[in-house]
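Listed below, chain by chain, are the residues.
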Amino acid sequence: MSILILAEHDGKQLKQSTRQAVTAAAAWSLPIHLLVVGHNSGEIAKQAAEVAGVAKVLHAEAAHYEHALAEDVAALLLQIGRDYKVILSAHTAFSKSVLPRVAALLDVGMVSDAISITAPATYVRPIYAGNVLSTVESSDAIQVVTIRATSFAVPATGGNAEIAAVAATASTGLSRWIKEDKNVSDRPELSSARVVVSGGRSLGERFDELLEPLAHKFGGALGATRACVDAGFAPNDIQVGQTGTIVAPELYFAIGISGAMQHLAGMKDSKIIVAINHDEDAPIFQHADYGLVANLFDAVPELTAALNK
Ligand code: FAD
């Protein structure tokens, strides 16, 4: 028996979270296979083969896999997944649309967002916005699992796994790709950035003006609270928190952020948290390693200017 990991990619790069899923899969001490689904995705299969710990890459190529629609990817997983002990992926929007569908069609349970795997079928997963850690055990013959990528290290490259072509399943025709509206940015991906500069709604229309230069200084990603996104000051793909992206960078700036538990759920595992808030009683300070009680409209430009010296 082996582990099958559903790889995620953007057509150019294998996602870092898929690499972290390989680290998580090591808990079973079983051969790890990575499934790459796509169109013109030979380069991704090569990247997957280089991830240390991967025994085999299964490569499914077809024009209808170009946008990895959940129904079509699930059909493929159903065809090849029955021979595996575990079907695993990182807990991302992509796998959240595919794996529950696979679990339902296999008639097994789904374990989501595991932060550690303590025994072959025992998982720790946060609930109530991360305030409680539950330990769950699955007795299903095939375990369908997503893992929280930030809880697992990125494995080294240097692997040389075999790449085997697998036959594509026919298009289900249940959904079709219409278009994608994407913010194009040269910043690192939020979920894997080493530094994240996040702001709250108090930044208002000056969100970009104040935070961009600071993020640029660190080569970091921008993040925002949901209140900030809802107010239209930041795009929703940079929302950090329970209903946004979960991050655990080396350095996290929380600027004008109150520290609501739904926001904390997305960033409290950051290695170093720096908070700037003019209210010394703001809850964020209870989680900050460094706190500055100041008006952000003065403090952020001063900090950026000091870093430019
Ligand atoms: P506020 O709570 O309004 O805080 C603003 C802060 O800025 C205050 O602490 C204030 O002191 C400070 N401030 C104001 N002016 C200045 C100044 N000039 N200088 C310095 N400091 C200043 N939130 C998320 O972030 N992510 C989520 O994923 C998320 N999911 C949610 C899911 C659910 C089901 C619910 C109910 C809520 C969710 N929320 C989420 C919302 C969350 O509860 C908070 O409302 C939100 O995080 C608050 O955002 P904020 O800190 O920007 O705003």
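Below, the structure is looked at part by part. (Residues numbered from 1 in each chain as written. Predicted model: local features only at pLDDT ≥ 70, side-chain atom pairs only at ≥ 80, totals over all residues. Heavy atoms only, no water.)

**Let's talk about the packing of aromatic side chains**
Phase 1: Considering all chains together, one arrives at two aromatic pairs under this definition.
Phase 2: Geometrically, the ring pair formed by Trp28 and Tyr123 is tilted, given 6.2 Å between the ring centres and 50° between the ring planes. One end of the pair, Trp28, is in the loop between helix H1 (16-25) and strand S2 (32-38); the other, Tyr123, is in strand S7 (residues 122-127), with 95 residues separating them in the sequence. Just as Trp28 is buried, Tyr123 falls in that class too.
Phase 3: Between Phe218 and Phe253 the ring centres are 5.4 Å apart and the planes differ by 45°, which places this aromatic pair in the tilted class. Residue Phe218 is located in helix H5 (residues 207-218), and its partner Phe253 is located in strand S13 (residues 251-255); the two are separated by 35 residues in the primary sequence.
Phase 4: A relative accessible area of 24% means that Phe218 is categorised as partly exposed. (Phe/Tyr/Trp six-rings, centres within 6.5 Å; stacked < 30°, edge-to-face > 60°. Helix = DSSP H or I, 4+ residues; strand = E, 2+ residues; numbered from the N terminus. Buried < 20%, exposed > 50% of the residue type's maximum accessible area, 1.4 Å probe, protein only.)

**Here's the deal with the packing of helix H3 (residues 70-81) against helix H4 (residues 93-106)**
When two helices pack together, their arrangement is captured by the angle between the axes and the distance separating the axes.
Phase 1: With their axes 9 Å apart at the nearest point, H3 and H4 run at an angle of 45° to one another. In this view, H3 runs oblique relative to H4, as classed from their interaxial angle. Both H3 and H4 take part in a crossing whose hand is right-handed. Of the residues in H4, those touching H3 at Ala70, Glu71, Val73, Ala74, Leu77 and Leu78 are Phe94, Ser97, Val98, Leu99, Arg101, Val102, Leu105 and Leu106.
Phase 2: Of the residues that constitute the contact of H3 with H4, the class distribution is 11 nonpolar, one polar and two charged. (Axes fitted to C-alpha atoms, helices over the stretch in contact; angles between N-to-C directions. Parallel < 35°, antiparallel > 145°, perpendicular 65-115°, else oblique. Left-handed = near helix turned anticlockwise from the far one by under 90°. Contact = heavy atoms within 4.5 Å. Nonpolar A, V, L, I, M, F, W, Y, C, P; charged D, E, K, R; others polar.)

**With respect to the pattern of salt bridges**
Phase 1: Within the structure shown, the criterion is met by eight salt bridges.
Phase 2: The salt bridge partner of Asp181 is Lys179, with a shortest N-O separation of 3.2 Å. No difference in accessibility class separates Asp181 from Lys179, as the two residues are exposed.
Phase 3: Here Glu212 ties to Arg187 by a salt bridge, and the two come within 2.6 Å at their closest N and O atoms. With Glu212 in helix H5 and Arg187 in the loop between strand S10 (162-165) and strand S11 (195-199), the pair connects residues that are 25 residues apart, well separated along the chain. (Salt bridge = Lys/Arg side-chain N within 4 Å of Asp/Glu carboxyl O.)

**Comments concerning H1**
Phase 1: Most of H1 is tucked away: eight of the 10 residues are buried.
Phase 2: By the burial criterion, the buried members of H1 are Ser17, Thr18, Arg19, Gln20, Ala21, Val22, Ala24 and Ala25.
Phase 3: Residues of H1 that are buried in the fold lie against strand S1 (3-6), S2, helix H2 (42-49), strand S4 (86-90), strand S6 (116-119) and strand S9 (143-147).

**Side note on the site of the ligand**
Phase 1: Around the ligand sit 25 residues in total, of which Arg201, Thr225, Thr243, Gln262 and Asn277 are the nearest.
Phase 2: For the ligand, an oxygen atom lies 2.7 Å from a polar atom in the side chain of Thr225.
Phase 3: Within the backbone of Leu296, a nitrogen or oxygen atom sits 2.9 Å from a nitrogen atom of the ligand.
Phase 4: A total of 990 Å² of accessible area belongs to the ligand in isolation, and the protein chains cover 75% of it.
Phase 5: Put simply, the parts of the chain that give the shell around the ligand at least two residues each are helix H6 (226-230), helix H7 (261-267) and helix H8 (296-308).
Phase 6: Here the residues of the shell around the ligand sort into seven nonpolar, 15 polar and three charged. (Near = heavy atom within 4 Å. Polar contact = N/O pair within 3.5 Å; in protein donor to acceptor, adjacent residues only side chain to side chain. Areas by Shrake-Rupley, 256 points an atom, 1.4 Å probe, with all protein chains shown as cover.)

**Here's the deal with the sheet that holds strand S14 (residues 272-277)**
Two modes of strand pairing occur in sheets, parallel and antiparallel, and in both the strands are linked by backbone hydrogen bonds.
Phase 1: The five strands are arranged S12-S11-S13-S14-S15 in an open sheet whose pairing can be described as parallel. Across the chains shown, the open sheet's two edge strands, defined by having one partner strand only, are strand S12 (221-224) and strand S15 (290-293). On average, adjacent strands in this sheet sit at an angle of 15° to one another, irrespective of strand direction.
Phase 2: By the bridge criterion, five bridges tie S11 to S13 in an arrangement that is parallel. (Pairing = 2+ DSSP bridges.)

**With respect to the pairing of strand S8 (residues 132-137)**
Phase 1: Sheet topology places S7 next to S8; six bridges connect them, and they run antiparallel. Bridge pairing in S8 links Thr122 to Glu137.
Phase 2: Hairpin connection, S7 to S8: the antiparallel pair is bridged by four residues, and Tyr128 has positive phi, about 50°.

**Points about the sheet that holds S1**
Phase 1: Judged by pairing direction, the sheet is parallel, and its seven strands sit side by side in the order S5-S9-S4-S1-S2-S3-S10 without closing on themselves. Every other strand in the sheet has two partners, leaving strand S5 (110-114) and S10 as the edge strands with one partner each. Strand after strand, the sheet turns through a mean of 25° between neighbouring axes, direction not considered.
Phase 2: Running at roughly 170° to strand S3 (residues 56-61), H2 makes contact with S2, S3 and S10 of the sheet.

**Considerations on the environment of Gly244**
Phase 1: Within the secondary structure, Gly244 sits in the loop between H6 and S13.
Phase 2: The sequence separation of Gly244 and Ala224 amounts to 20 residues, and the corresponding C-alpha distance is 9.4 Å.

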